[in-house]
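Listed below are the residues making up each chain.
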Amino acid sequence: MKVRLHPEGRKFVAIFAAVTLVFFFVWQPLGWIGLIATVWCLAFFRDPIRTVPQEAGIVVSPADGVVSMIERVSVPPELHMEARELTRISVFMDVFDCHVNRTPVAGTVKHVVYTEGKFLNASLDKASLDNERNSMVVTTPDGREVGVVQIAGLVARRILCFIDNGTALATGERFGLIRFGSRVDVYLPDGVEPLVAVGQKMVSGESVLARMNGPQTPIVTAKV
């Protein structure tokens, strides 16, 4: 089966493959280890087509991974959101998950803010405020705001964000990527309740985290 590779991963896969060839010349068992590492790198940067529900008002997962926390918390100051506390859903990505991030809602990017920080385990609650992160706020067509924060982890050393202030995004559209292993937080608008539970497996762009317009069931999808 053909693997769709994100452009950001091409140079890494090429480096892994080149080193593997050298390893085979040096010592064959080492070469097989390099081959396994190359396959892992290819899988890490995979960018599969996703079937995004086309229902107005849905909030989809921005990342592949597991829901690690659902809490009512103070909003990080860099988001500049009016509410003092909002419900935060955290999706933790391990090194075997696809790391292409997708916007949870349709709307316009109000602002994007990069914050330097530490590289603590991304599964820790304090990582939301202490770790290196990239934060953005998306304003939906009806004027509500959804916060999205990419958080670096122990292994992650670079957060990539491909959008700017004023960018119009469709639900499930690619907006960034994190290398390697990390977490993405979603801050729901006040009054919106999560439809997922801690420990639940998420698929970016497909799994519905919440609905802002009631409990309708999505009946239309689009592959992106």
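As the structure is a prediction and not an experimental result, all values here were calculated from the model. (Residues numbered from 1 in each chain as written. Predicted model: local features only at pLDDT ≥ 70, side-chain atom pairs only at ≥ 80, totals over all residues. Heavy atoms only, no water.)

### With respect to the overall build of the protein
Logical step 1: In terms of helices and strands, the protein carries three helices and 15 strands.
Logical step 2: Put simply, the protein has 224 residues, and 48% of those count as buried.
Logical step 3: At a minimum sequence separation of 6, the contacts of the protein that also span at least 24 residues come to 74%.
Logical step 4: With the model as given, the accessible surface of the protein reaches about 10700 Å², and the carbon-plus-sulfur share is 61%. (Helix = DSSP H or I, 4+ residues; strand = E, 2+ residues; numbered from the N terminus. Buried < 20%, exposed > 50% of the residue type's maximum accessible area, 1.4 Å probe, protein only. Contact = heavy atoms within 4.5 Å. Areas by Shrake-Rupley, 256 points an atom, 1.4 Å probe, with all protein chains shown as cover.)

### Section: the UniProt feature "modified residue: Pyruvic acid (Ser)" (unreviewed entry) in the protein
Logical step 1: UniProt records the feature "modified residue: Pyruvic acid (Ser)" (unreviewed entry) for Ser182 in the present numbering.
Logical step 2: Among the structural elements, Ser182 can be located in strand S12 (residues 182-187).
Logical step 3: For Ser182, a relative accessible area of 0% puts it in the buried group. (UniProt positions renumbered as here; feature names shortened; annotations may be inferred.)

### With respect to the environment of Leu86
Logical step 1: Considering the arrangement of structural elements, one finds Leu86 in strand S4 (residues 85-93).
Logical step 2: Residue classification places Leu86 among the buried positions, given a relative accessible area of 3%.
Logical step 3: Taking the C-alpha atoms as reference, Leu86 lies 9.9 Å from Val146; in sequence the two are 60 residues apart.
Logical step 4: Apart from residues no more than four positions distant in its own chain, Leu86 is found in contact with Glu71, Arg72, Val73, Val75, Met81, Tyr187, Leu188, Pro189 and Asp190.

### Comments concerning the sheet that holds strand S5 (residues 100-102)
Logical step 1: With respect to topology, three strands assemble into an open sheet ordered S5-S11-S9, the strand pairing being antiparallel. The sheet is open, and its two edges are formed by S5 and strand S9 (158-161), each paired on a single side. Going from strand to strand, the sheet's axes swing by 20° on average, the running direction of each strand aside.
Logical step 2: Inspection of the sheet shows S5 paired to strand S11 (residues 174-179) by three bridges, in the antiparallel sense. (Pairing = 2+ DSSP bridges. Axes fitted to C-alpha atoms, helices over the stretch in contact; angles between N-to-C directions.)

### Description of the pairing of strand S6 (residues 107-115)
Logical step 1: Bridge analysis of S6 against strand S10 (residues 168-169) gives two bridges, and the strand direction is antiparallel. Considered in S10, the bridge of Gly107 is made with Leu169.
Logical step 2: The pairing of S6 with strand S7 (residues 133-139) spans seven bridges and is classified as antiparallel. Residue pairing in the sheet places His111 in a bridge with Val137 of S7.

### Topic: a nonpolar patch on the surface
Logical step 1: Together, Val22, Val26 and Trp27 make up an exposed nonpolar region whose accessible area comes to about 340 Å².
Logical step 2: Note on placement: Val26 falls in helix H1 (residues 10-26).
Logical step 3: According to the relative accessible area criterion, Val26 is exposed, its value standing at 60%. (Patch = residues over 30% accessible without salt bridge, like charges linked within 9 Å, V, L, I, M, F, W, Y side chains within 5 Å. Salt bridge = Lys/Arg side-chain N within 4 Å of Asp/Glu carboxyl O.)

### Describing the pairing of S12
Logical step 1: Judged by how many residues are buried, S12 sits mostly within the fold: six of six residues are covered.
Logical step 2: Neither face of S12 is left uncovered, since the one carrying Ser182, Val184 and Val186 and the one carrying Arg183, Asp185 and Tyr187 both have all their residues buried.
Logical step 3: Taken together, the six bridges between S4 and S12 define a ladder with antiparallel strand orientation. Directly across from Met93, in S12, lies its bridge partner Ser182.
Logical step 4: Here strand S8 (residues 145-152) runs beside S12; their pairing, made up of six bridges, is antiparallel.

### As for H1
Logical step 1: With 17 residues, H1 should cover 24 Å at 1.5 Å per step; its first-to-last C-alpha distance of 25 Å lies within 8% of that length.
Logical step 2: Every buried residue of H1 is listed here: Phe12, Val13 and Thr20. Each buried residue of H1 sits inside an arc of 95° when the element is viewed along its axis, so together they form one side. Those residues of H1 that are exposed and aimed more than 90 degrees away from the buried face are Arg10, Leu21, Phe25 and Val26.
Logical step 3: In this structure, the buried residues of H1 make contact with helix H2 (28-44) and S11. (Expected span 1.5 Å × (residues − 1). Arc of directions from axis to C-beta.)

### What about H2?
Logical step 1: Compared with the 24 Å implied by 1.5 Å per residue over 17 residues, the 24 Å span of H2 between its first and last C-alpha is a close match.
Logical step 2: Among the residues of H2, those classed as buried are Gly31, Gly34, Thr38, Cys41 and Phe44. Buried positions in H2, seen along its axis, are confined to an arc of 130° and lie on one side of it. Away from its buried face, by an angle of more than 90 degrees, H2 presents the exposed residues Gln28, Ile33 and Ile36.
Logical step 3: On the buried face of H2, the contacting elements are H1 and S11.

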